[in-house]
Each structure stands twice: as structure tokens, then as C-alpha cells.
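So you can see what is in the structure, the chains are spelled out below.
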2 protein chains.
Amino acid sequence: MAGKKKVAAFDLTADDAQYLALIISFVRGARSVTRPEISEATSLSRSLSTKFIDVACDLNLLKNGDIGQSTGGRAPRLIDFNENAGQVLVAELGATGFNVAASDLTGTLIESAYVEANVSKGPETVLALVEQKFEEIINAHKLKNVWGIGIGVPGPVEFATGLPVSPPIMPGWDRYPIRERFSQKFKVPVWVDNDVNLMALGEHALRKDAITNELIFIKIGSGIGAGILTHGRLHRGAQGCAGDIGHISIGVNEVTCRCGNTGCIEAVAGGLAIARDAEKAAQSGGSAFLSKILKSTKKVTIEDVIAGSENGDRWCVETIVKAGKDIGAVLATLVNFHNPSLIVIGGSVSNAGDKLLAAIRESVLNRSLPLATRDLQIRLSEYPYQAGLSGAVEMVINELFESETLRRWVAEGRPSPTVVHA
Amino acid sequence: MAGKKKVAAFDLTADDAQYLALIISFVRGARSVTRPEISEATSLSRSLSTKFIDVACDLNLLKNGDIGQSTGGRAPRLIDFNENAGQVLVAELGATGFNVAASDLTGTLIESAYVEANVSKGPETVLALVEQKFEEIINAHKLKNVWGIGIGVPGPVEFATGLPVSPPIMPGWDRYPIRERFSQKFKVPVWVDNDVNLMALGEHALRKDAITNELIFIKIGSGIGAGILTHGRLHRGAQGCAGDIGHISIGVNEVTCRCGNTGCIEAVAGGLAIARDAEKAAQSGGSAFLSKILKSTKKVTIEDVIAGSENGDRWCVETIVKAGKDIGAVLATLVNFHNPSLIVIGGSVSNAGDKLLAAIRESVLNRSLPLATRDLQIRLSEYPYQAGLSGAVEMVINELFESETLRRWVAEGRPSPTVVHA
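Model, not experiment: these values are computed from the prediction. (Residues numbered from 1 in each chain as written. Chains lettered and ligands numbered in written order. Predicted model: local features only at pLDDT ≥ 70, side-chain atom pairs only at ≥ 80, totals over all residues.)

Scanning chain A from N- to C-terminus turns up 15 helices and 15 strands. A compact globule built from 422 residues would reach a C-alpha radius of gyration of about 22 Å, and chain A, at 24 Å, matches this within 12%. Here the C-alpha coordinates of chain A stretch approximately 75 × 50 × 35 Å along the principal axes. Considering only intrachain contacts with a sequence separation of at least 6, the fraction spanning at least 24 residues in chain A is 61%. (Helix = DSSP H or I, 4+ residues; strand = E, 2+ residues; numbered from the N terminus. Rg over C-alpha atoms; globule rule 2.2 N^0.38 Å. Contact = placed C-beta atoms within 7 Å.)

In C-alpha cells:
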């Protein structure tokens, strides 16, 4: 089938659209299946599932594949998911640079790249670079059917509007219309979310195991944040700021946080806080390892503390362990409250590895209910460099193949999904 | 229609059963509606909705009602929910007594009663009293169609099996088969859950406003627990123990909790903890009000502390305010993490009213993110005596009218729902 042909336009009921979404979602996950398998997995009758498989084929999302294995009788023809019908572009903004990628419709990345760009240079500068990189990728791979764009941002986002809301490490970005900018430039729908939410979605999509259905992703970077999955779906909360755990108090403490309170977990155990303490330790001689680095490079970073910890520098080891215990104390509270099955630790500080993880685990097990920790797993991210990008792809595809979007797509008979942002 | 007649038996697909559930749920909420209203509200075609309205009438759940108002043309006949087709029996067990009730299918209570019985007397004694009270109610109201039983328990419950799991204030109840006992006695399906979960469900069902969709119900009784609603549904967590917040640490503290840790919130601000401190204050003369009570009644209870607070006794006021602030500090953490729209405070200690509430609010607002508290409401339960019972009714009805139950009910052609407990 050609990419740009006009498809038959007709009206689906809301329920029909849900059937269609169900079938597309199942075949997308399974890649290649028989018609009876589709009917069984979706609990739809053979005639209904046949009807909506045909609609999905007309949309170019499904296609006839090879002949499958016979189970007695005539060998069935497979139905394949057409992962190349459209593409998705994503960017994951960080404090000092951004990742971009293009993906097919299964979430397999076609290309990814990293570009240095300090987020403090403001949205005009940084997003112009993102646009330029998107265009390079489009040209290099001759992408003709970009269907949607996903952007991850290191700060709070009002998901419904795609606006950053007072992001602390992003001066000049407050309520900047990221969605409108990309939407006007590339003429496709755009979704924007907090980076940690996308990491949680990405870990879920990449790992594909059931334990990730009740997942809390903890990003320990400059700050500390959480992404929460319930039944495999993001829990965003009433204002969309669920998971904003960096300013949870860990009790009496003299350190004043950028938010004005004292004792916030990220002002004690976040990457910025550790680097600040490390500089003092380097100056005072508290850490011989860091003093040497300060003398030669004139600064001390969180990466230096992690290196010191690996080299057995006592101050660095103790600092990483203390950060882990403090973070674990907060997680213990969240475990009692939320009862997750998996906690994934990511972000730059998580490169400290097992020393950090062991301290977090000890603290959680000490302070949580036995029933809540009976089968709880606490692990480092398995996809530290890919979870955010893959989560952004997942967000876009979830929105594109959502039943209301499919209903409008079929009704308008266009060659690609139509999304009207509110 | 007669109650016990055999209904037509035929097979529904899983999707048909979902349509049927959707229609029943809508008419149950609206009570009395026209066929076009049902079709519109459920997004089902007129022919499909007509088909399943007929099935629901055959099950005796819907029935033809009065002639409605004409909107031009022939006046339509209303479809009514048949709230008297079946009844539900519920019991809410507490530390020193239990509530029982019978309800129709809309959740309107037919009768409720309170019986004193200390839960520490063990399951055989207490549950025999519950059974006796159930039978009295059945006889007094000549209930002929009890379809299900719901039991609330003041401790952790494994929902899938209905077994209490090491409930701290219920010696002898660990893994006692509550479900099997009632199921064998009354020959109906039985569901058991933690009392706080049921209070959250009940507050949601009774208030009927959208803000209760993202609700955290906090019960401050002898202990402290939470029930969590997300999108209007209970969040139970991976092991079903979500909301067990009583042992969240509020930092360094000398008080040892019954769990063995120190600094647990319920060991500091729960009803038992306050009563323990109150007795000391009465003995030492720290509270003149409580000393007088101790002298005359030989004991001091949480109710005495609340009375003292209302009478302006300084120790009592300060104790209530401190409990509120400590609880608020824990809630601030949960607000940052979960971002609810409404927190409801219930349980015996909540009778302290505005003094407690003001302290909780102050603490939450001080320590939570501005975005998370922008529209957050923190209120006392509007239904302190009914939320638990109504939540138990809601749990039973949700399970009875769930699509898989309806599918089996239609397939077997029985006069009442069939539930096979795993």
C-alpha cells in the first residue's frame, strides 16, 4: 500500500473505535499473529475482529504477512503490524544537553543522537537546536510519515497543555508553548511530559514484564523525582504533579533547599547537593581523592564523587551510602503507602551502582511493612540511556492509537492520524 | 416479575457482558431514564442498547417505569432500576463492636444496627454474633433475595482470598476464613476488605462528586490507615496493602511502636497513643481536666481528651494540635507523591474536629508543593457513621455487576448472580 493514499472514510461508534484500538494494540505487541489468535486475545467474535482487522489494514497499520504454521487443516495467513507506516520523533531535554531519536511504530529506534546544549540558555536557543536535529534525522533517513512528536522536560509539566510549570532548573521556560512551537513547525501532534514519567513508561515498555505494572521510577539526578505506574499506566494525579518527591522532608536539617524549606530530600541527597558538599570536602581536605581533582580541574562534580567511591575514598563512599539511606527512608514511606512491586533507580547519581543501591534497600527494608516488601524488587534501571527516549515514543504511540483518535482518523479518511489538541 | 423465576439462559460474549454492565451501572446511578438517554450515555447504538436493556429486564435488574415527559412527539416510557431485585448484607468490624446493615441495590440502607463485641474475643465469638444479627435483619424485613455479603475488618486483608493478614489489634484472626464461613452459612458470595478502603469507597459513593475520584481517606482511630482512590477506583497495590501508613516514620522519637520500630506515626498520633499519654498527664497533674476524670472513672480515653480540648484544657488542646501537625507532616509527603484532589479525615480521633483539621492543613500546606495544594481540599468525613457500611455495600455491588459475573449469570439462567470465589 502506498503511504499517502486516501483511506475509506466512515463513522465508527465509540465502541467500534475501542475494538479497533484493542486489536491494533494486541498485534503491535505480538508483531505477527493469526486471525484466530487476534479473536481469542481480544475476546471479540470472529466476524467483529475480521471487520476491524480490515479497517486497520485500510489505515495501513496492519497488513497480510507470511503463511503461518498449520495446526491441522489449512495453514493460516499471518497478520503483521506495519511498523513502518509512520514514524515518531522524540527529544529528552536534560540540564546540559538533549537526546533526540526517531522511532518506528513498534518503538524501535531508527537513530538517536546527543547534543550538548545548556537548558539555561532558554527555550528559543535550545528548541531551535532540537528542530535542526529533527530535520537532519528526517533528511538522513528520508522519513516521509512523521505522525507525532514527544518531548521530555526535566521539570514539572501540565500534561493537558504541554506547558512547563515553574521548572526550577530551567530559567525562562515557565509556560513556554513547547507544543505549539513543534506542532506549527512540523504539522503533527505533539505531547510534552516530565522526563521521569517518560523514564517510567520507557522502562515498562522495554522490559515487557508484568512486574513493571506497579512501578515507581526514581530519578536521582541534579534533583530527585519519581514516575508512578499503576496497572501499567502513568498516575499523574489531580494537577499532574504526582511523583514530585524532591521536596519531601527527611526531618530536621540545616540545609536550606532552593524551594525555601529545610530538610528536602533533594537538598541533602540529590546530585547538586552532593557536588556542593564534595567541593567543601575537597577544599577542607576531608577527601584526599577530591582534593587532588579540585587542584587539577578547578572543580568537583558528582561523577568525581562516584569515581572516588569506586576508588575506595572514604568520604566519597560514606557520602554515597548516606545519600542512599536518606533516599531509602523516603522510599520506605512511599512503599507503605503505595505498595509497588518494583522500584527502579535511574539518573546520574545511580551510576554509583551497588553501594548506593544496597544503602537504599537497607533503609527501605528497615522501615517498610513486611507484607509490602515481601516481593518488592529494588533495581537499577536496565536502560539508563534509553528509558527516557523510549518512554517518549511510547507516550506518542499511546496517544495516537487511542480509540478517540482512531475514530476521528477513520471518519476523516486521512492517510495519517488526526489529533486536535485542546 | 416474580423474584425466583428462571431467566432465559444464553451466552454473551465478553464484550456483550461489558455493554450490559455499562447499561446497568448507568441506570443504577440515574435511577430512571429513557431509552435514548441510555443509548447516548453509553455510546451504544439504539439497537444494541435495546438488546441489553431487554437482557437486564430479564434479569429483573431493570424494569419499565412511568411515562416520561414528551420532548415533542410521543412521550417515552422510562426505564427504572429495580433496586429491590436483591439485597446486600454488610458488617463493619471495629475494635469494641460492629455495625451491620442491609441495603437495597442502590446502596440505600434498609436497616442498620450497632452491636458491642470486643474483637479480641476472636472470630468464632464475634462472627457468630454477626450471623445472628444478619438473621434477625433477614427475618424482620423478610429479605428473600440476599445476593451478597460484604465485611470490613480493622486490619490488613488479602483481598483476593478475603483473609486477614496478621491484623495487629485482632488476636486470633490471622488468616481466619471469614469468606468461607459466611459463604457456607448464607449460600451467597462474600467479599472482605480493610475498613479504611471501604470508608474511601463509601465517601465516594455517598458524595457523588467528581472531586472524590482522586481521594485519600485517612482513618485516625486506635491506629492510622489510608484508603486510596485513583480515577474513582481503589488502589490496592501489589500485595493489597497500599494505604498502610500507620508505620511511616516521622523521624527520631523515643516511643517504641507495637511493630518494634520507633517514631511510627500511629505510635505518636493514633488514638491509643494519645490515650496512653493522657493517662500519664492525668496522673502527673499535667492536665487538670483529665486528672478529675481519672479520679472519678479510673481511666482516661481518647473521648476524654477530645472533651478536654473542647473545654479548653491546655494539655488536651496542645495534644490534639500536635497530633494534627504530625499527621499533616506525613500527609504532606503523600500529597507530593500522589497529588490527590481531596483528603478526607475520619475515625474516632477526627471527632476532635476543627482544631485537629486546622493543624493538619497547616502542616500539609507548609510542606507540600504549591501546585499540589493549589486545589487540594482537606475535610472531615461527611458520613462518619455511614461511610464504612456504604463502602461495603458498594464493594459487593461493584463485584456483583461486574461484566464477568453478569456473563455467567446470563449463561446459567439463574434468578440471581453466580460468583465462584477463586
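Back to the text.
Glancing now at the sheet that holds strand 7 (residues 146–153) of chain B. Residues and elements named next belong to chain B. Pairing within the open sheet is mixed, and its 5 strands lie in the order 6-5-4-7-10. Strands at the two margins of the open sheet, each flanked by one partner only, are strand 6 (109–116) and strand 10 (190–194). On average, each strand axis in the sheet is tilted by 15 degrees relative to the strand beside it, whichever way the strands run. Of the pairings in the sheet, the one linking strand 4 (residues 87–93) to strand 5 (residues 97–103) comprises 6 bridges and is antiparallel in character. For Ala91, the partnering residue across the bridge sits in strand 5 and is Val100. Running over the sheet, helix 5 (residues 178–186) touches strand 7 and strand 10 and is turned about 150 degrees from strand 10. Strands strand 4, strand 5, strand 6, strand 7 and strand 10 of the sheet are contacted by helix 14 (residues 387–400), whose axis makes an angle of about 130 degrees with strand 7. (Pairing = 2+ DSSP bridges. Axes fitted to C-alpha atoms, helices over the stretch in contact; angles between N-to-C directions.)

For the rest of this paragraph, the subject is the relation of the copies chain B and chain A. Between the two copies, chain B and chain A, the superposition gives an RMSD of 0.1 Å; the rotation angle is 180 degrees and the shift along the axis is 0.1 Å. Such a combination of rotation and displacement between the chain copies is what one expects of a two-fold axis. Residues of chain B ranked by C-alpha distance from the rotation axis are headed by Gly251 of chain B, positioned 3.1 Å from it. An overlap of 100% is found between the interface residues of chain B and their copies at the interface of chain A, pointing to a shared contact surface. (Least-squares fit on C-alpha atoms with pLDDT ≥ 70 in both.)

We now examine the interface of chain B and chain A. Contacts between the two partners involve 39 residues from chain B, matched on the other side by 39 residues from chain A. Of all the secondary-structure elements, those providing two or more residues to the side of chain B that touches chain A are helix 1 (14–30), strand 12 (224–230), helix 11 (314–338) and helix 13 (370–373) of chain B. Sorting elements by how many residues they give to the side of chain B that touches chain A places helix 11 of chain B first, with 5 residues. The class makeup of the residues in the side of chain B that touches chain A is 16 nonpolar, 17 polar and 6 charged. (Nonpolar A, V, L, I, M, F, W, Y, C, P; charged D, E, K, R; others polar.)

So, on to the confidence of the model for chain A. Here chain A shows a mean pLDDT of 91. Residues at 70 or above account for 97%. Taken over the whole predicted complex, pTM reads 0.85, whereas the ipTM for its chain interfaces reads 0.83. (pLDDT = per-residue confidence, 0-100.)

Moving on to the nonpolar core. Counting 203 residues, the largest nonpolar core has Val90 and Ile265 of chain A together with Val90, Ile265 and Val396 of chain B as its most contacted members. Not counting chain neighbours up to four residues away, the residues in contact with Val396 of chain B comprise Val88, Val90, Gly148, Ile149, Gly150 and Trp191 of chain B. (Core = buried A, V, L, I, M, F, W, Y, C linked by C-beta atoms within 7 Å. Buried ≥ 20, exposed ≤ 12 C-beta atoms within 10 Å, placed from the backbone.)

This part takes up the packing of helix 6 (residues 195–207) of chain B against helix 14 of chain B. Residue and element names in this part refer to chain B. Helix 14 packs onto helix 6 with a crossing angle of 85 degrees between their chain directions and a minimal axis gap of 6 Å. It follows that helix 6 is roughly perpendicular to helix 14 by the angle criterion. Counting all contacts with helix 6, which are made through Asp195, Leu198, Met199, Ala200, Leu201, Gly202, Glu203, Ala205 and Leu206, the residues of helix 14 involved are Ala387, Gly388, Leu389, Ser390, Gly391, Ala392, Glu394 and Met395. A breakdown of the residues in the contact of helix 6 with helix 14 according to their chemical character gives 10 nonpolar, 4 polar and 3 charged. (Parallel < 35°, antiparallel > 145°, perpendicular 65-115°, else oblique.)

Our next topic: the packing of helix 1 (residues 14–30) of chain A against helix 15 (residues 403–412) of chain A. Two quantities define a packed helix pair, namely the angle between the helix axes and the distance between the axes. Residues and elements named next belong to chain A. Running from amino to carboxyl end, helix 1 crosses helix 15 at an angle of 105 degrees, the nearest separation of the two axes being 8 Å. Judged by the inter-axis angle, helix 1 sits roughly perpendicular to helix 15. On helix 15, the residues that touch Ala14, Ala17, Gln18, Leu20 and Ala21 of helix 1 are Ser403, Glu404, Leu406 and Arg407. Residues of the contact of helix 1 with helix 15, tallied by class, amount to 5 nonpolar, 2 polar and 2 charged.

Residue and element names in this part refer to chain A. If you check the domain split of chain A, you get domain 1 (14–81), domain 2 (87–188 + 387–401) and domain 3 (210–380). Of the residues lining the interface, 7 residues belong to domain 2; the matching set on domain 3 comes to 8 residues. Grouping the constituent residues of the side of domain 2 that touches domain 3 by class yields 6 nonpolar, no polar and 1 charged. (Domains from an automatic or database assignment.)

In this section: the environment of Thr212 of chain A. Residue and element names in this part refer to chain A. Within the element layout of this structure, Thr212 appears in the loop between helix 6 (195–207) and strand 11 (215–220). Between the C-alpha atoms of Thr212 and His231, which are 19 residues apart in sequence, the distance is 8.7 Å. Excluding residues within four positions of it along the chain, Thr212 makes contact with Glu203, His204, Arg207, Leu229 and Leu342.

Glancing now at the sheet that holds strand 5 (residues 97–103) of chain A. Residue and element names in this part refer to chain A. Strand order in the open sheet made by the 5 strands is 6-5-4-7-10, with mixed pairing throughout. Of all the strands in the sheet, just strand 6 (109–116) and strand 10 (190–194) have a single pairing partner and so form its edges. Each neighbouring strand pair of the sheet contributes to a mean axis angle of 15 degrees, computed without reference to strand direction. Running at roughly 30 degrees to strand 5, helix 4 (residues 123–140) makes contact with strand 4 (87–93), strand 5, strand 6 and strand 7 (146–153) of the sheet. Those strands touched by helix 5 (residues 178–186) are strand 7 and strand 10, and its axis lies near 150 degrees from that of strand 10.

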